[in-house]
Amino acid sequence: MAGSILERLNQSVAQSKVGRYFRLEGSGARRERVGSKFTTEIRAGLTTFVTMAYIISVNALIVMDSGGPCVCENEADPVCLTDPAYNACLATLKLDLITATAAIACISTLLMGLFANLPIGLAPGMGLNAYFTYTVIGFHGSNKIKYETALAAVFVEGLLFVLLSFFGVRQWLARLIPQSIKIASGAGIGLYLCFIGMQTSAGIGLIGGDAATLVHLDGCNRDAKGACIDGTHMRSPTTWIGIFGFILISMLLTLRVKGAVLYGIIVVSILSWIRGTDFTYFPYTPAGEASFDYFKKVVTFHPIQMTFAKMNFELDNHEIWIALITFLYVDIMDTTGTLYSMAKFGGYMYRNGDFDGSTAAFLCDASSITIGAVFGVPPVTAYIESGAGITEGGRTGLTSIFTAFLFFISLFFSPIFASFPPWATGPALIVVGSMMAKSVQSINWNYVGDAIPAFLTIALMPLSYSISYGLIAGIGSYAAINGPIYLLELISGGRITPSDKDLKEHWNNEGFTVENVLPAWMQIIICKMNGTTYVDPLDKMEEEERLERELAARADAVDAKIEIDAHGAQPVLAPVEH
């Protein structure tokens, strides 16, 4: 009964204007998203939100270390670690940043869903927020660049991004990336997600730092200062309940249970909210008591008091321009890698290396950076945790819209949503990472010039803890290896060339055609000037792929008929009765 009601609801929404706008399956819209259903999109949006919800509190804690607009005037304590007035200011700043993070995540994710029709969540970027806080501003404002000036740099970066996206430069640059590296970025991000999910800060604490080997098997109990207690490796209750969550999600996925990732997160979270257990999220410590007091509020709203529109555009320090350029290139590589990997993972990537809604997606991302600076947060970026929602079946912007709605709700229920333990969301990241890693089988391992750059892309993403550095390693090594070989081939007139060159993956030169270089609005203007009709290249590509599928199906049918005619129909024997 419930199933038929949901089916009728899915069918009704699909045939409505909403269904046609978001290209739900059965809507009759061009380029329908195969497998997309309204109820599935809602569940996927909830899953994406739950895996991203940690950013509400984590981003606030990191950016709070910058000191924000708080002023330290204690000469005896230059960073005001024990100054009561400064610490009171920091407490207000933390609440401001919780509100600002939830608000910009809501706005940016809503833009992505409405205008790009993609199931991608956005929020202030992890890594970018640490660079913003500790490298640009310094702990409690200890560097020369102040919080207000750094926000101005982020604001300007967003405007530059808008221009680059509007004129198609970002999309064109993305299409120049070799296909093997694009595919490898999906697997690299999968390992990166897994690495995050296994750490303590955003995962189950299975992997920890080591002075000799950098990382080691952890899972240990920790003292009041957060240091690992000797002899307690793999004895941490939170690690083991995280492993339980991982096994639960994996079993549910194996049994094809819809909502498996979400159920796993919720079960572990509810168990962790029970006080008095060894794995509780609210231990009887000062920090645990403070977290539980905040959790008990359930409903609360804190209006922004200190961080809104605080930009200072006196960009006369050369260090701020270095920071601006760093933000720019890291964001380009980060967002490009995430969006293209999610498009590949979600199944809406086209063979020319582009995906549906790419221009709108880049514009939404760029606009969100500028809006985020107004709210007082570091650069906003697309989140790889969106893969959890895609795993649950999210294929359209409805997933993002529901995620945005939940971020809006979190403005008033932040005590609940900020209390999902990292060991509850970590298992989901590990599972999603394993699913994303399957793209590694599509890499061209048969030609060294393609294989080594792809491998470096995969390896450097988790090892450098950066998507952008992984892409830089892949693209740089691709040019360093294949560039000189190409020059040798030209100089020698083709006499010096790899013996297995025929195995090399062709670089996607479709990225250099007018159709794929110029943004759609420019192509429309050119067509009107020439008196011709504009046809979306992706529509043509979809039609070509449809015809290819039909031809392949006919060929298979012909082959099957020939085989039957050659061997003759096999007689069907009636069962013998005894």
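Here the structure is a predicted model, which is why all the values come from computation and not from measurement. (Residues numbered from 1 in each chain as written. Predicted model: local features only at pLDDT ≥ 70, side-chain atom pairs only at ≥ 80, totals over all residues. Heavy atoms only, no water.)

**Digging into the UniProt feature "transmembrane region" (unreviewed entry) in the chain**
Put simply, the rule reads: UniProt positions are given in the numbering used here, feature names are shortened, and annotations may be inferred rather than shown by experiment. Going along the chain from the N terminus, every DSSP run of H or I of four or more residues is numbered as a helix, and every run of E of two or more is numbered as a strand.
Here, UniProt's "transmembrane region" (unreviewed entry) annotation points to residues 97–116, 150–169, 189–208, 239–255, 260–276, 320–340, 401–424 and 445–463. For residues 260–276, the helix share is 76%, the strand share is 0%, and the end-to-end C-alpha distance is 28 Å.

**Things to note about the nonpolar core**
Rule in force here: Joining through side-chain atoms within 4.5 Å is the link that ties buried Ala, Val, Leu, Ile, Met, Phe, Trp, Tyr and Cys residues into a set, and such a set is a nonpolar core. Each residue's exposure class comes from its accessible area (1.4 Å probe, protein chains only) as a fraction of the maximum for that residue type: buried when under 20%, exposed when over 50%, partly exposed otherwise. Should any heavy atoms of two residues lie within 4.5 Å, those residues are counted as being in contact.
Ranked by size, the top nonpolar core spans 107 residues in total, and within it M112 and F132 carry the most contacts. In contact with M112, other than residues within four places in its own chain, are N117, L118, I120, L122, L339, A361 and C364. Among the nonpolar cores identified, the runner-up in size contains nine residues, and C194, L206, I241 and I430 belong to it.

**Considerations on the state of the cysteines**
The test is simple: Sulfur atoms of two cysteines make up a disulfide when they are within 2.5 Å.
For the coordinates displayed, the defined rule picks out three disulfides. The partner cysteine of C72 in its disulfide is C80, sulfur to sulfur 1.9 Å. Taking the torsion about the sulfur-sulfur bond, which here is approximately 90 degrees, the covalent link between C72 and C80 counts as right-handed. In this structure C72 comes out as partly exposed when scored by relative accessible area, which is 24%. Taking the relative accessible area as the measure of exposure, C80 reaches 0% and is therefore buried. The disulfide partner of C220 is C228, and the gap between their sulfur atoms is 2.1 Å.

**Notes on the pattern of salt bridges**
Which entries qualify depends on this criterion: A side-chain nitrogen of Lys or Arg and a carboxyl oxygen of Asp or Glu constitute a salt bridge if their distance falls within 4 Å.
Counted according to the given criterion, the structure contains five salt bridges. Close ionic contact of E7 with K37 constitutes a salt bridge, the shortest N to O distance being 3.7 Å. Placement of the pair is E7 in helix α1 (residues 2–14) and K37 in the loop between α2 (17–21) and α3 (38–52), with a sequence separation of 30 residues. Across the pair D293 and K296 runs a salt bridge, and its minimum N-O distance is 3.6 Å. Here the residue D293 and the residue K296 both occupy positions in helix α12 (residues 286–297), the gap between them amounting to three residues, near one helical turn.

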